[in-house]
Amino acid sequence: MLYLYLIPCPKWALRGSVLQSTFVIVDFAKGALSMEQHQFLLDPKLLPRKWYNIAADLGEAPPPPLNAQTRQPADPGDLSPIFCDRIIEQEVSSERWIDIPEEVLDALAMWRPTPLYRATRLERALGTPAKIFYKYEGTSPAGSHKPNTAVPQAYYNKISGIKRLATETGAGQWGSSLSLACEMFGLECMVYMVKCSYTQKPYRRSMMQAWGGTVCASPSERTEYGRKVLAEDPNCPGSLGIAISEAIEDTVTTPNTKYSLGSVANHVLLHQTIIGQEAKLQMEQAGAYPDVVIGCVGGGSNFAGIAFPFLQDKLSGKAECLRALAVEPASCPTLTKGEYTYDFGDTAQMTPLFMMYSLGSQFVPPSIHAGGLRYHGMAPLVSFAHHMGLTEAVAYTQTSIFSAAIQFARTEGIIPAPESSHAIRAAIDEALKAKETGESKTILFNLSGHGNFDMAAYDAYLAGELIDG
Ligand SMILES: Cc1ncc(COP(=O)(O)O)c(C=O)c1O
């Protein structure tokens with residue numbers, strides 16, 4: 001029997017469109033055509049105009065960073081050799097909402113709001129009753145969530161009279177994002193790229209150069225610390241901790257230069273909350289609210305970006321049962337196996353001490369392809385939320401995340417970044433648990449970036465050559 005439905009304008013349906021509406025023909029005898037909407041796009045006018053600072057809602061202040069020499073709480077002045085004042089203000093702020101400057105909104109609006117998708121094809125392939133949604137950050141020019149903070153960081157440094165930024169990059173997503181943002185605001189950009197990623201992802205280097213950045217493999221001969229590491233181990237694959245040390249040394253020894261960090265710091269997490277704020281509006285459009293919000297964690301910024309605005313609801317009692325799940329590599333298990341302790345953010349121990357989950361600042365993780373997750377520590381705000389019991393964590397091996405990545409690519413089409421594939425693995429496992437229990441669960445994950453520059457890793461996986469480090 002054929003039924004003719006008139007429904008409000010979803011783009012995906014079979015069209016016999018009248019004004020703002022669309023006809024959908026459903027044959028219940030043969031089985032209904034899918035009525036599920038796949039894309040939830042936000043009106044650009046609804047681009048969030050403020051960042052959300054979870055520190056205002058945690059009930060107690062997270063333990064402060066300590067000055068490494070005095071072991072006393074660091075004061076904002078301790079940060080001024082590396083950050084400009086406007087960034088430091090945000091780093092220590094306890095204001096709940098912080099205005100996004102017009103110039104930053106104007107640049108973010110080049111690709112934001114980003115789409116939210118319902119993974120209907122993946123759901124069908126899994127045979128799960130769960131609804132799976134994902135927020136896709138891979139539509140930015142650099143292909144990930146990283147430009148969300150690169151843009152404001154470049155902007156604040158520009159208006160503070162800084163001429164050059166130095167930074168580290170793991171997978172190259174952050175280095176390319178900062179190169180782009182520096183180009184937008186007329187700053188020079190120097191990137192220390194972790195050596196194993198420098199070799200694995202040559203086209204990420206090309207992107208940085210195309211956007212005017214300078215890039216070298218870390219450990220490098222450019223800094224005293226890099227030379228020391230190379231003297232001890234000429235084959236050192238590098239790590240984010242080592243690259244951060246080199247970028248900080250570069251910053252404090254080069255005039256008119258400040259340091260820019262792609263994750264971990266409070267201000268970076270703050271800038272990423274634009275993701276979760278948009279996702280909340282889009283979930284509302286979809287008539288759904290997540291039972292679980294999932295993100296991969298390197299330093300913690302994309303996870304915080306999607307989860308913190310939802311955790312605001314949990315903290316206020318509006319969504320007491322909401323779960324927030326952080327996903328990490330088994331070979332760098334910071335939240336699942338690390339200790340909650342004061343530790344340095346870098347390997348040369350040049351930063352203040354941060355209270356965070358850490359595997360130790362000297363830990364050099366195996367050279368997995370998810371280079372952006374090879375960090376020994378975790379953002380102090382994510383660590384504090386985890387310590388309070390607000391979040392959960394799980395760790396997966398490299399081969400298990402690539403099998404999830406392939407299943408996702410073959411159902412949803414997008415080839416995900418190896419980092420983001422950790423979140424996909426966890427989302428699939430949550431959906432499979434729902435299948436076992438028959439629970440109609442709503443899952444939301446952050447697809448933090450595409451993997452179009454990670455094809456060497458996919459080649460290795462498909463050839464059966466990937467090992468679990
Ligand atoms: C695509 C992608 N996702 C996630 C991460 C991890 O960083 P964070 O934990 O700060 O989001 C990176 C880091 O480079 C990345 O490139």
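In this report, the structure presented in the accompanying data block is examined. (Residues numbered from 1 in each chain as written. Predicted model: local features only at pLDDT ≥ 70, side-chain atom pairs only at ≥ 80, totals over all residues. Heavy atoms only, no water.)

**A short note on unusual backbone geometry**
- The amide bond that connects Arg112 to the next residue, Pro113, takes the cis arrangement and shows omega of -5°.
- Its place among the elements puts Pro113 in the loop between helix H3 (102-108) and strand S6 (116-118).
- Omega for the peptide link from Ser218 to Pro219 comes to 5°, which places this bond in the cis form.
- Inspection of the secondary structure assignment puts Pro219 in the loop between strand S10 (214-218) and helix H9 (224-232).
- Despite not being glycine, Arg71 shows a phi value in the positive range, around 60°.
- Tracing the chain through its elements places Arg71 in the loop between strand S4 (50-52) and helix H1 (76-79).
- For Arg71, a relative accessible area of 48% puts it in the partly exposed group.
- Although it is not a glycine, Asn256 sits at a positive phi angle of roughly 60°.
- Mapped onto the elements, Asn256 comes out in the loop between helix H10 (240-253) and strand S11 (257-259). (Helix = DSSP H or I, 4+ residues; strand = E, 2+ residues; numbered from the N terminus. Buried < 20%, exposed > 50% of the residue type's maximum accessible area, 1.4 Å probe, protein only.)

**Points about helix H8 (residues 202-210)**
- Turning to H8, its buried residues number three or more, namely Arg204, Met207 and Met208. For H8, the angular spread of the buried residues around the axis is 100°, confining them to a single face. Opposite the buried face of H8, by more than 90 degrees, sit the exposed residues Tyr203 and Ala210.
- Close packing links the buried residues of H8 with strand S8 (164-169), helix H6 (173-185), strand S9 (188-194) and S10.
- Two residues or fewer past H8, Gly212 is found with a positive phi of approximately 90°. (Arc of directions from axis to C-beta. Contact = heavy atoms within 4.5 Å.)

**Some remarks on H9**
- Within H9, the full set of buried residues consists of Tyr225, Gly226, Val229 and Leu230. For H9, the angular spread of buried residues about the axis comes to 135°, placing them on one side. Those residues of H9 that are exposed and aimed more than 90 degrees away from the buried face are Glu224, Ala231 and Glu232.
- As for H9, its buried residues are in contact with helix H7 (195-200) and H10.

**Comments concerning the side chain of Ser177**
- Position of Ser177 relative to the elements: it lies in helix H6.
- A polar contact is formed between the side chain of Ser177 and the backbone oxygen of Gln173, at a distance of 2.7 Å.
- In contact with Ser177, other than residues within four places in its own chain, are Ala142, Ser144, Lys146, Pro147 and Ala150. (Polar contact = N/O pair within 3.5 Å; in protein donor to acceptor, adjacent residues only side chain to side chain.)

**A word on the sheet that holds strand S7 (residues 131-136)**
- With mixed pairing, 7 strands are arranged side by side in an open sheet as S3-S6-S7-S17-S12-S13-S16. Each end of this open sheet is capped by a strand with a single partner; those strands are strand S3 (39-40) and strand S16 (392-396).
- Running over the sheet, helix H11 (residues 266-285) touches S3, S6, S7 and strand S17 (442-447) and is turned about 140° from S7.
- Lying over the sheet, helix H16 (residues 418-437) contacts S7, strand S12 (292-296), strand S13 (323-329), S16 and S17, oriented at roughly 150° with respect to S12. (Pairing = 2+ DSSP bridges. Axes fitted to C-alpha atoms, helices over the stretch in contact; angles between N-to-C directions.)

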